[in-house]
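Reading the structure
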Amino acid sequence: MTQSSDEILTRMMTLHPKIIDLTLDRVWRLLSLTDNPQDRLPPVIHIAGTNGKGSTQAMIRAGLEASGAAVHAYTSPHLARFHERIRLAGDLITETALTDVLDRCYTANGPEPITYFEITTVAALVAFAETQADYTLLEVGLGGRLDATNVISSPAVTVITPVDLDHQSFLGDTLSAIAGEKAGIIKRGVPCVVGPQHDESLDVIERTAARHGAPLYVHGQHWHVGVEAGRLVYQDDTGLLDLPLPALPGPHQIMNAGIAIAALRVLGKDEAACEAAVTRASWPARMQRMTDGVLVDSYHPAELWLDGGHNPAAGHAIAATLATLPQRPTHLICGMLNTKDITGYLAPLATQATSLTAVSIPDEPATIAADDTALFARKAGFKVATTAPSLTAALADITTSDPQARILICGSLYLAGHVLRVNHPHDT
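Residues numbered from 1 in each chain as written. Predicted model: local features only at pLDDT ≥ 70, side-chain atom pairs only at ≥ 80, totals over all residues. Heavy atoms only, no water.

Points about the side chain of Thr357
Locating Thr357 in the fold gives a position in strand β15 (residues 355–358). The residues touching Thr357, leaving out its near neighbours within four places in the chain, are Leu332, Ile333, Cys334, Thr386, Thr387, Ala388, Ala394 and Ile398. (Helix = DSSP H or I, 4+ residues; strand = E, 2+ residues; numbered from the N terminus. Contact = heavy atoms within 4.5 Å.)

A word on the sheet that holds strand β10 (residues 231–236)
As a general point, the strands of a sheet are linked pairwise by backbone hydrogen bonds and lie either parallel or antiparallel. Judged by pairing direction, the sheet is antiparallel, and its 3 strands sit side by side in the order β9-β10-β11 without closing on themselves. Of all the strands in the sheet, the pair left with one neighbour each is β9 (223–228) and β11 (239–243). With direction set aside, neighbouring strand axes in the sheet form an average angle of 15°. Taken strand by strand, helix α9 (residues 252–266) contacts β9, β10 and β11, and its axis lies near 135° from that of β9. (Pairing = 2+ DSSP bridges. Axes fitted to C-alpha atoms, helices over the stretch in contact; angles between N-to-C directions.)

Comments concerning helix α12 (residues 312–324)
Its 13 residues place the ends of α12 19 Å apart at the C-alpha level, agreeing with the 18 Å of an ideal helix rising 1.5 Å per residue. Close packing links the buried residues of α12 with α9, β14 (330–334), α13 (342–349) and β17 (406–410). (Expected span 1.5 Å × (residues − 1).)

Topic: the pairing of strand β2 (residues 71–74)
By the alternation rule, side chains of β2 split into Val71 and Ala73 and His72 and Tyr74, which are all buried. Two strands pair when backbone bridges link them, and β2 and strand β5 (residues 135–139) are joined in this way by 4 bridges, in the parallel orientation. Paired with Tyr74 across the bridge in β5 is Leu138. Summarising the sheet, β2 and strand β3 (residues 86–88) pair through 2 bridges and their orientation is antiparallel. Within β3, the residue paired with Ala73 across the bridge is Arg87. (Buried < 20%, exposed > 50% of the residue type's maximum accessible area, 1.4 Å probe, protein only.)

Here it is, written out as structure tokens:
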């Protein structure tokens, strides 16, 4: 009897006792057993950083596809279905193809220890190597230096989005230490596009690039981006681009767009590709306005938004985005993991929201209890911070008292995935 991809993925969970164990030894072993797919990929754009990786990848993909290229893309985590992680030549991997490649990697690995992320990353690389395309976009899962994606000897370009404090228990508790891990994707002679950075992060990145002879394209030095007269204006040594504002909402997307454009320019793409990067990209659960589905229909006329950001920098970005929206009472529904800086994330949001309703994330062992999240919210400055037993109960409570509310569901990509599954149950 043929197993589904979900069944195979569940089996893969048992191959290593730890969810995260940063080393590349197990990955190199399995790559050698699967005919080294990392050496047979279309030109790779490798993306690391703390915030903005997914949005930047989505914009680069939109620009490349507008230029006529077929593009593989790998991202994590997924929101509603694992298939979202692997895009083959523009299309999400099919159930048949995913089941086949997972099963082959599971068989090749045998009983040897390997983490879930490692074996599924190898599966993605195998699928990419066996499917014709013009480019491969690889998003780092965690860190960079010891991430399972860091097996490409000579990418076409590397990209480092803004580095901030996150995952300190794995990457180090200073910006310098974290930047050192992110800079681990820099390769000898390969150009590296660098987004806005704290000085101490940039110092590390520049030193790493110098050791590897890698040309840098750094925001504020080699390229600049901003908003003038309601347009996005980008400038580098090649010239100036006057483009529409990004389709992805939020002031922080200006910088993500700049990073994507810089990468496209390094790849030799024209202004049309750069404009498409800005105008055609879509990326779910990043200040996503939900416009259809079960939840939207059930709680109309409330305005529903969804964001999966979960660290202090994301909190500031979300708050800045809320500040640009038309005036309307804004209520948060928030669930977070116990590995996050909860107060740091919530503090900037307290200036923009009327209330916060805390929920526990369903089926997620690392969730913070709703009562604890509400306590953190009060410490972060929320005057009204309550709890609800579920997402739908929270939505019902808010819309009963304020039917016209703007509701932002936020705090975790895992909560965002739950929201998307509930909103579109037939897609999962």
